[in-house]
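Coordinate analysis (summary)
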Amino acid sequence: MFRLTVIYDNRANQDFTASWGFAALIETNRETLLFDTGWDGPLLLRHMKKLNIDPTRIRKLVLSHQHWDHIGGLPEILQANPGLEVYVPASFSENLKREIEKRAILIEIREPVEISQGIRSTGELGDRVKEQALILDTGNGSYVLTGCAHPGLAAILDTASHYGKVKGILGGLHDNEEFERLGGMELIAAGHCTAHREKIKEIFPAKFVEIEVGLRVDLE
Ligand SMILES: [Zn+2]
Ligand SMILES: [Zn+2]
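Attention in this report is confined to the structure presented alongside it.

Procedures and definitions
- Residues numbered from 1 in each chain as written.
- Chains lettered and ligands numbered in written order.
- Predicted model: local features only at pLDDT ≥ 70, side-chain atom pairs only at ≥ 80, totals over all residues.
- Heavy atoms only, no water.
- Phe/Tyr/Trp six-rings, centres within 6.5 Å; stacked < 30°, edge-to-face > 60°.
- Helix = DSSP H or I, 4+ residues; strand = E, 2+ residues; numbered from the N terminus.
- Buried < 20%, exposed > 50% of the residue type's maximum accessible area, 1.4 Å probe, protein only.
- Patch = residues over 30% accessible without salt bridge, like charges linked within 9 Å, V, L, I, M, F, W, Y side chains within 5 Å.
- Areas by Shrake-Rupley, 256 points an atom, 1.4 Å probe, with all protein chains shown as cover.
- Salt bridge = Lys/Arg side-chain N within 4 Å of Asp/Glu carboxyl O.
- Donors = N, O, S within 2.8 Å, 3.2 Å for Na, K, Ca; no water.
- Tetrahedral: all angles 85-135°; square planar, octahedral: opposite > 155°, others 65-115°.
- Pairing = 2+ DSSP bridges.
- Axes fitted to C-alpha atoms, helices over the stretch in contact; angles between N-to-C directions.
- Contact = heavy atoms within 4.5 Å.
- Arc of directions from axis to C-beta.

A few words on the packing of aromatic side chains. Tallying each qualifying case throughout the model produces 2 aromatic pairs. Summarising the aromatic geometry, the rings of Phe22 and Phe35 are spaced 6.4 Å apart at their centres and angled 75° between planes, so their arrangement reads as edge-to-face. Taken together, the residues Phe22 in the loop between strand S1 (2-8) and strand S2 (23-27) and Phe35 in strand S3 (residues 32-35) connect sequence positions 13 residues apart. Of the two residues examined, Phe22 and Phe35, each falls in the buried class.

Here you go:
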């Protein structure tokens, strides 16, 4: 079972502050992993505190892509937890990778790879904006977690499908219009930069979940 908590998003419930960007925590009984950092590090840490998430408990940080709204909180999170393992697409700027290496353990991602038990990176996808997504394998189908989904739903879901049936997707879906790719899913939790949120909600009303800071879902 994966417990996913949204820590940073363009939308927030009344206890939190909405801010452009995305960050989510994934917890299993053996792993605590942060996916992206939003852009405002102090706000990220304030939200963590409110959610009872101790940043020193996080073992791994996965950065989906090198956009400001996903990596801005990096200095604060590394200060709060030095020595983290940080997984980045290999195409990240050399200067940024060097800076990360000074404070953490840098792992560059090219091909799909298992980062932790049941948690796999799609590898670096896309042409213009390179991005990795995560595949959370429940043993009975998987869920895909995206930052902005710049490489397109087809590229991400084709890769994820190699590792079993995709039951759901969570995260930013950018301006993707490949709505048919979402058919048959049990959960479509769209947030952050999803341009066609209303349209997706209209097509899949029973499966749609609005992402906002404070949302907690158990994936099994
Ligand atoms: Zn974004
Ligand atoms: Zn982006």
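Residues Trp20, Trp39 and Trp68 make up a contiguous nonpolar surface patch of about 390 Å² in total accessible area. Here Trp20 lies in the loop between S1 and S2.

Right, let's talk about the coordination of the zinc ion (ligand 1) for a bit. Those donors, Asp69 (OD), His70 (NE2), Cys148 (SG) and His192 (NE2), are the protein atoms that reach the zinc ion (ligand 1), and they lie 2.1 to 2.4 Å from it. Classification of the site at the zinc ion (ligand 1) rests on its 4 donor atoms, whose angles at the metal span 85 to 164°, yielding the label irregular. Between consecutive donors of the zinc ion (ligand 1), the numbers of intervening residues give the motif D-H-x77-C-x43-H. A separation of 3.4 Å is found between the zinc ion (ligand 1) and the zinc ion (ligand 2), both of which receive a donor from Cys148. Residue His70 is located in helix H2 (residues 68-71), and its partner His192 is located in the loop between strand S12 (187-191) and helix H6 (197-203); the two are separated by 122 residues in the primary sequence.

Spatially, the 7 strands line up as an open sheet ordered S6-S5-S4-S3-S2-S1-S14, and their pairing is mixed. At either end of the open sheet lies a strand with only one pairing partner, and these are strand S6 (105-109) and strand S14 (216-219). Taking the axes of each pair of neighbouring strands and ignoring which way they run, one obtains an average angle of 20° across the sheet. Here 4 bridges tie S1 to S14, and the two strands are oriented antiparallel to one another. Looking at S14, one finds that Arg3 is bridged to Asp218. Of the strands in this sheet, S1, S2 and S3 touch helix H1 (residues 41-50), which is tilted by about 135° from S1.

So, on to helix H4 (residues 94-103). Each full turn of the α-helix corresponds to 3.6 residues, which orients residues three or four apart in the same direction. All of the buried residues in H4 are Leu96, Lys97 and Ile100. Projected down its long axis, H4 shows its buried positions confined to an angular sector of 100°, all on one face. With respect to the buried face of H4, the exposed residues turned more than 90 degrees away are Asn95 and Lys102. Summarising the contacts, the buried residues of H4 are in contact with H2, helix H3 (74-80), strand S5 (85-89) and S6.

A four-donor tetrahedral metal ideally has 109.5 degree angles, and a six-donor octahedral metal ideally has angles of 90 or 180 degrees. For the zinc ion (ligand 2), the full set of protein donor atoms is His65 (NE2), His67 (ND1), Cys148 (SG) and His150 (NE2), at a range of 2.1 to 2.7 Å. Around the zinc ion (ligand 2), the 4 donor atoms sit at angles spanning 90 to 172°, and that spread fits a shape best called irregular. In the primary structure, the donors to the zinc ion (ligand 2) are separated according to the pattern H-x1-H-x80-C-x1-H. Since its relative accessible area comes to 0%, His65 is described here as buried. For His67, a relative accessible area of 26% corresponds to the partly exposed category.

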